[in-house]
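Each chain is listed here by its residues.
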Amino acid sequence: MPKRLVYSLPDEVLEHVFSFIQSDKDRNVVSAVSKSWYEIERWCRRKIFVGNCYAVSPKMVIRRFPHVRSIELKGKPHFADFNLVPDGWGGYVLPWITEMAGAYPWLEEIRLKRMVVTDESLELIAKSFKDFKVLVLASCEGFSTDGLAAIAASCKNLRELDLRESEVDDSSVHWLSHFPETYTSMVSLNISCLGSDEVSFSALERLVSRCPNLRSLKLNRAVPLDKTANILRLAPQLVEFGTCTYSAELRSDVFSNLAGAFSNCKELRSLCGFWDVVPDYLPAIYSVCSRLTSLNLSYATIQSPDLIKLVSHCPSLQRLLVLDYIEDSGLEALASNCKDLQELRVFPSDPFDAEPNASLTEQGLVAVSLGCPKLQSVLYFCRRMSNAALVTIAQNRPNLTRFRLCIIEPNTTDYLTGEPFDVGFGAIVEHCKDLIRLSLSGLLTDCVFEYIGKYAKKLEMLSVAFAGDSDLGLHHVLSGCESLRKLEIRDCPFGDKALLTNAAKLETMRSLWMSSCSVSFGACKLLSQKMPRLNVEVIDERGPPDSRPENCTVDKLYIYRSVAGLRFDMPPFVWTKDEDLALRLSP
Amino acid sequence: MCMELQLGLAPPGSDTWSRPLLKLGLYEDINVNSKKRGFDHGYLEDEFSAASFKNYEKGLVGWPPVKTWRRKKLRCQVHNHMTAAENGCCGGRASNSTYVKVKMEGVVIARKIDISIHQSFETLTTTLMTMFDIFDENRRSFKLTYQDKEGDWLIAEDVPWR
């Protein structure tokens with residue numbers, strides 16, 4: 001009886017129930033229950049996440065979900081961040097904006113990552129969506145301040161404009177001044193990526209002063225330090241603040257003005273920026289330190305003693321990003337002061353120098369793993385590591401969910417025993433049962449992959465470089481890691497066998513990247529033929545792979561599942577099994 | 001003389017940028033007659049250039065995996081930082097190192113040499129020529145330049161050694 005009752009509930013009631021279900025995963029499950037639930041669900045889904053913009057076409061999304069208000073798209077593969085993807089590869093957002101302009105007049109939010117955005121796209125956004133509220137462009141490129149001006153001028157209800165880590169061309173337009181005087185809705189503004197000519201300070205001040213709901217403001221470098229106090233006094237309600245250049249001649253009036261302004265900000269919980277830091281100005285933030293939960297000092301080239309002083313004022317810290325200048329001693333101080341720490345990222349101050357320029361070793365990470373019981377997420381660049389340290393870390397912190405270790409020199413061995421790090425990373429995957437992201441480094445044999453395949457059942461993303469001995473390594477991962485979604489590999493001796501044997505696995509994943517490995521073009525063609533729902537893209541700038549023997553290895557390979565078929569915007573250096581290859585080769 | 005961080009070797013009157021870059025088009029509009037500006041731009045671009053960025057030792061692209069964006073920001077900063085330190089502004093690390101980075105035009109990988117072990121331009125130039133495999137007969141066609149506080153590239157031999 002009760003079962004029938006559920007199925008006889010009117011659509012509106014079901015819709016109302018579904019409105020409490022926000023997560024994509026849950027929504028997908030709901031839509032698979034029955035045909036009628038599928039129908040009801042698709043009409044009321046408001047938020048879409050597309051992890052690979054080429055996995056589906058905009059028309060298909062629109063056909064299934066007619067009333068979307070919020071969309072998130074990701075373009076280029078992750079390794080594009082490290083210059084492994086040539087310019088012009090793809091990830092263009094314009095086709096999506098064009099389709100959505102017609103289909104979703106009430107679209108409110110667009111979040112993009114690693115996509116090519118043009119001024120034309122921005123102008124189309126500004127023109128097409130009357131109630132547009134949120135624009136996040138993370139690691140995007142291809143647009144200028146002209147496009148930003150269009151957004152500023154037209155989007156009356158814009159709440160969030162976040163350009164994090166994007167490349168913006170300066171068209172010399174004072175785009176900030178394009179926000180009309182009547183515009184007061186800004187809640188979150190991140191312009192930290194902009195150059196010096198691209199922001200007019202007085203326009204910024206006026207904007208801040210008329211937006212009472214501003215909670216997050218990340219300035220760009222060019223704003224001088226003595227102006228920071230002005231901005232803070234206009235927005236004491238800020239929760240998140242990114243400073244501009246944190247350097248100036250030391251003057252007591254500037255200092256006390258700044259310190260006073262910071263002390264007014266009772267809601268401040270997160271600080272970042274700190275470009276060109278002059279340590280003498282750091283005490284100006286002490287009044288807010290006890291409440292800080294997030295601190296990004298990863299651009300602050302200050303030394304360990306100053307970092308230790310700062311960190312010891314921040315007992316509530318949950319997230320710290322810092323350079324290796326913090327050294328082992330600084331991390332020890334962190335471990336004793338910051339018991340709520342959940343995330344730590346230590347970046348290299350001089351990544352290309354063979355010699356270490358800061359005394360940061362595996363000891364620092366071990367200390368933090370011991371002292372910080374809530375530590376879940378680690379990104380750590382160092383030059384020295386041991387299996388013993390990794391085992392200790394794994395045993396101390398079985399609650400780790402993200403572990404990314406970069407031992408800077410490829411093929412480095414355990415400095416105590418001279419061995420590869422198979423045992424160390426093996427311990428990590430064995431003890432940390434909820435690990436969802438892992439990046440490997442140092443000398444590694446096929447053994448480590450056997451451990452990963454055996455233990456890392458929740459692993460979703462794996463990054464591998466200069467590791468392994470044979471196809472067996474790759475086979476262990478593809479056959480063992482049940483939750484794997486993204487796999488990125490560079491400079492490993494993995495080839496055709498592992499790939500072809502595990503072809504079906506690839507359709508259960510979002511994508512696979514392999515560069516400087518041993519996969520032949522012949523295998524790529526074969527894989528393509530076997531798996532029609534996979535796009536197998538060979539990136540090779542040496543000319544058509546067909547002009548070389550079939551067993552010649554390809555330079556880079558990007559394989560992703562797609563229901564949209566081959567994309568139409570491939571540049572000349574991307575090769576697929578496309579029968580029209582001959583046509584593309586002709587001038 | 002205040003020696004800044006970078007020295008450069010450039011064939012005088014060079015008219016092509018034969019750097020192994022994908023973005024060759026980027027250099028078309030540079031006034032290549034102005035060696036000073038061109039080299040400076042070329043040098044900085046090379047540091048940040050997407051395609052050609054290589055680790056000094058191995059010539060590896062994209063390793064270690066530090067985002068281009070982050071590398072750029074940090075590099076700009078270190079440069080400004082050193083300049084500020086030179087100008088007597090507070091803060092920053094006093095560099096006790098006498099190592100200086102040397103770049104040769106047309107070669108992606110820079111090298112480091114210890115300035116303090118040389119007493120004259122002659123010995124410095126000889127060491128650099130050996131380092132970059134330039135034979136004696138070609139020596140004349142290369143010029144030693146250095147970058148001053150303002151970021152201008154000047155001819156090294158124009159100023160006294162000290």
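Definitions and limits used
Residues numbered from 1 in each chain as written. Chains lettered and ligands numbered in written order. Predicted model: local features only at pLDDT ≥ 70, side-chain atom pairs only at ≥ 80, totals over all residues. Heavy atoms only, no water. Helix = DSSP H or I, 4+ residues; strand = E, 2+ residues; numbered from the N terminus. Rg over C-alpha atoms; globule rule 2.2 N^0.38 Å. Contact = heavy atoms within 4.5 Å. Areas by Shrake-Rupley, 256 points an atom, 1.4 Å probe, with all protein chains shown as cover. Lys, Arg positive; Asp, Glu negative; His and termini not counted. Charge placed at Lys NZ, Arg CZ, Asp CG, Glu CD. Buried < 20%, exposed > 50% of the residue type's maximum accessible area, 1.4 Å probe, protein only. Phe/Tyr/Trp six-rings, centres within 6.5 Å; stacked < 30°, edge-to-face > 60°. pLDDT = per-residue confidence, 0-100. Salt bridge = Lys/Arg side-chain N within 4 Å of Asp/Glu carboxyl O. Axes fitted to C-alpha atoms, helices over the stretch in contact; angles between N-to-C directions. Parallel < 35°, antiparallel > 145°, perpendicular 65-115°, else oblique. Left-handed = near helix turned anticlockwise from the far one by under 90°. Nonpolar A, V, L, I, M, F, W, Y, C, P; charged D, E, K, R; others polar. Arc of directions from axis to C-beta. Pairing = 2+ DSSP bridges. UniProt positions renumbered as here; feature names shortened; annotations may be inferred. Disulfide = S-S within 2.5 Å. Polar contact = N/O pair within 3.5 Å; in protein donor to acceptor, adjacent residues only side chain to side chain.

Overview of the overall build of chain A
Here's step 1: Scanning chain A from terminus to terminus reveals 23 helices and 23 strands.
Here's step 2: In terms of C-alpha radius of gyration, chain A reaches 26 Å, essentially the compact-globule figure of 25 Å for 587 residues.
Here's step 3: Long-range contacts, defined here as pairs at least 24 residues apart, represent 71% of the contacts in chain A between residues at least 6 apart.
Here's step 4: Of the roughly 23100 Å² that chain A leaves accessible, carbon and sulfur atoms contribute 53%.
Here's step 5: Looking at chain A, you have 66 positive and 73 negative side-chain charges, and the mean spots of the two groups are 8 Å apart.

A closer look at the overall build of chain B
Here's step 1: Tallying secondary structure elements over chain B gives four helices and five strands in all.
Here's step 2: Tracing chain B from N to C terminus, the helices and strands come up as β-α-α-β-β-α-α-β-β.
Here's step 3: Buried residues in chain B amount to 43% of all 162 residues.
Here's step 4: Surface accessibility of chain B: about 8400 Å² in total, with carbon and sulfur atoms responsible for 53%.

Brief notes about the packing of aromatic side chains
All names here are of chain A.
Here's step 1: The final tally for this structure, using the stated rule, is 19 aromatic pairs over all chains.
Here's step 2: With 6.4 Å between their ring centres and 55° between their planes, W175 and F179 make a pair best called tilted.
Here's step 3: Note on W175: relative accessible area 0%, which makes it buried.
Here's step 4: You can call F179 buried: its relative accessible area is 2%.
Here's step 5: Ring centres 5.3 Å apart and planes at 45° place the aromatic pair Y558 and Y560 in the tilted group. Each member of the pair, Y558 together with Y560, is buried.

Some words on the confidence of the model for chain B
Detail in the predicted coordinates should be disregarded across regions flagged by low pLDDT.
All names here are of chain B.
Here's step 1: Averaged over all residues, the pLDDT of chain B equals 53, while 15% of them reach at least 70.
Here's step 2: Taking the mean pLDDT of every element in chain B, the minimum, 37, falls on helix α1 (residues 35-48) and the maximum, 69, on helix α3 (residues 121-131).
Here's step 3: Counting interchain partners and residues more than four positions distant, the pLDDT-below-50 stretch residues 83-97 has 18 contacts.
Here's step 4: Complex prediction metrics read pTM 0.81 and ipTM 0.89.

Quick look at the pattern of salt bridges
Residue and element names in this part refer to chain A.
Here's step 1: Inspection of the entire model under this criterion finds 32 salt bridges over all chains.
Here's step 2: Salt-bridge contacts for K76 lead to E141; the nearest nitrogen and oxygen are separated by 2.5 Å. Placement of K76 in the loop between β2 (70-74) and α6 (94-103) and of E141 in the loop between β4 (134-138) and β5 (143-144) is noted, with a sequence separation of 65 residues between them.
Here's step 3: A salt bridge links E240 to K218; its shortest N-O distance comes to 3.3 Å. Of the two residues, E240 is situated in strand β10 (residues 240-242) and K218 in strand β9 (residues 216-218); the sequence distance between them amounts to 22 residues.
Here's step 4: Judged by relative accessible area, K218 falls into the buried class, the value being 18%.
Here's step 5: Taken together, the salt bridges that share partners define one network made up of R27, E41 and R45.

Points about the packing of helix α10 (residues 225-234) of chain A against helix α11 (residues 252-263) of chain A
All names here are of chain A.
Here's step 1: As a packed pair, α10 and α11 sit with axes 9 Å apart at the nearest point and diverge in direction by 30°. Compared by their axis directions, α10 and α11 come out roughly parallel. Read as a crossing pair, α10 and α11 show a hand that is left-handed. For the pair α10 and α11, contact is made by L225, D226, T228, A229, L232 and R233 and by V254, N257, L258, G260, A261 and F262, respectively.
Here's step 2: Classifying every residue of the contact of α10 with α11 by side-chain character gives seven nonpolar, three polar and two charged.

Some words on the environment of S31(A)
Residue and element names in this part refer to chain A.
Here's step 1: Residue placement: S31 occurs in helix α3 (residues 24-31).
Here's step 2: Each C-alpha atom, one on S31 and one on E41, is 5.9 Å from the other, the two residues being ten residues apart in sequence.
Here's step 3: In contact with S31, other than residues within four places in its own chain, are Y38, E41, R45 and R64.

Some remarks on α10(A)
Residues and elements named next belong to chain A.
Here's step 1: Taken as a whole, α10 has its buried residues at L225, T228, A229, I231 and L232. On an axial view of α10, the arc spanned by its buried residues comes to 165°, and they lie on one face.
Here's step 2: Contacts made by the buried residues of α10 are with α9 (201-209), β9, β10 and α11.

Some remarks on the environment of A150(A)
All names here are of chain A.
Here's step 1: Structurally, A150 can be placed in helix α8 (residues 145-154).
Here's step 2: Taking the C-alpha atoms as reference points, A150 and K127, separated by 23 residues in sequence, lie 8.4 Å from one another.
Here's step 3: Setting aside its immediate chain neighbours within four residues, A150 contacts E123 and A126.

A word on the pairing of strand β22 (residues 556-561) of chain A
Residues and elements named next belong to chain A.
Here's step 1: With respect to burial, β22 is a largely interior element, five of its six residues being buried.
Here's step 2: Summarising the sheet, strand β20 (residues 511-515) and β22 pair through five bridges and their orientation is antiparallel. Among the inter-strand pairings, S511 is bridged to a residue of β22, identified as Y560.
Here's step 3: The pairing of strand β21 (residues 534-539) with β22 spans six bridges and is classified as antiparallel. Within β22, the residue paired with E537 across the bridge is Y558.

Some points on the UniProt feature "domain: F-box" (unreviewed entry) in chain A
Here's step 1: Taking the UniProt record as the reference, the feature "domain: F-box" (unreviewed entry) is found at residues 9-50 of chain A.
Here's step 2: Annotation note: span residues 9-50 of chain A, helix share 62%, strand share 10%, distance between end C-alpha atoms 31 Å.

What to know about unusual backbone geometry
Here's step 1: Look at the link from W63(B) to P64(B): it is a cis peptide, with omega at -5°.
Here's step 2: With respect to the element layout, P64(B) can be found in the loop between α1 and α2 (68-86).
Here's step 3: At E165(A), a position not held by glycine, the phi torsion is positive, near 55°.
Here's step 4: If you trace the backbone, E165(A) turns up in the loop between β6 (160-162) and β7 (168-169).
Here's step 5: A positive phi angle, near 50°, is found at F466(A), a position not held by glycine.
Here's step 6: Mapped onto the fold, F466(A) is located in the loop between β18 (461-465) and α19 (471-480).
Here's step 7: According to the relative accessible area criterion, F466(A) is buried, its value standing at 13%.

Re the state of the cysteines
All names here are of chain A.
Here's step 1: A complete count under the given rule lists zero disulfides over all chains for this structure.
Here's step 2: Summary of cysteine pairing: C338 is not part of a disulfide, and the nearest cysteine sulfur, belonging to C314, is at 6.5 Å.
Here's step 3: Judged by relative accessible area, C338 falls into the buried class, the value being 0%.
Here's step 4: Of all cysteine sulfurs, the one in C517 lies closest to C492, which takes part in no disulfide; the gap is 5.3 Å.

A short note on the side chain of S200(A)
Residue and element names in this part refer to chain A.
Here's step 1: In this structure, S200 sits in the loop between β8 (188-190) and α9.
Here's step 2: With a relative accessible area of 17%, S200 lands in the buried category.
Here's step 3: A polar contact is formed between the side chain of S200 and the backbone nitrogen of A203, at a distance of 3.2 Å.
Here's step 4: S200 has contacts with H174 and L176, leaving out every residue within four places of it along the chain.

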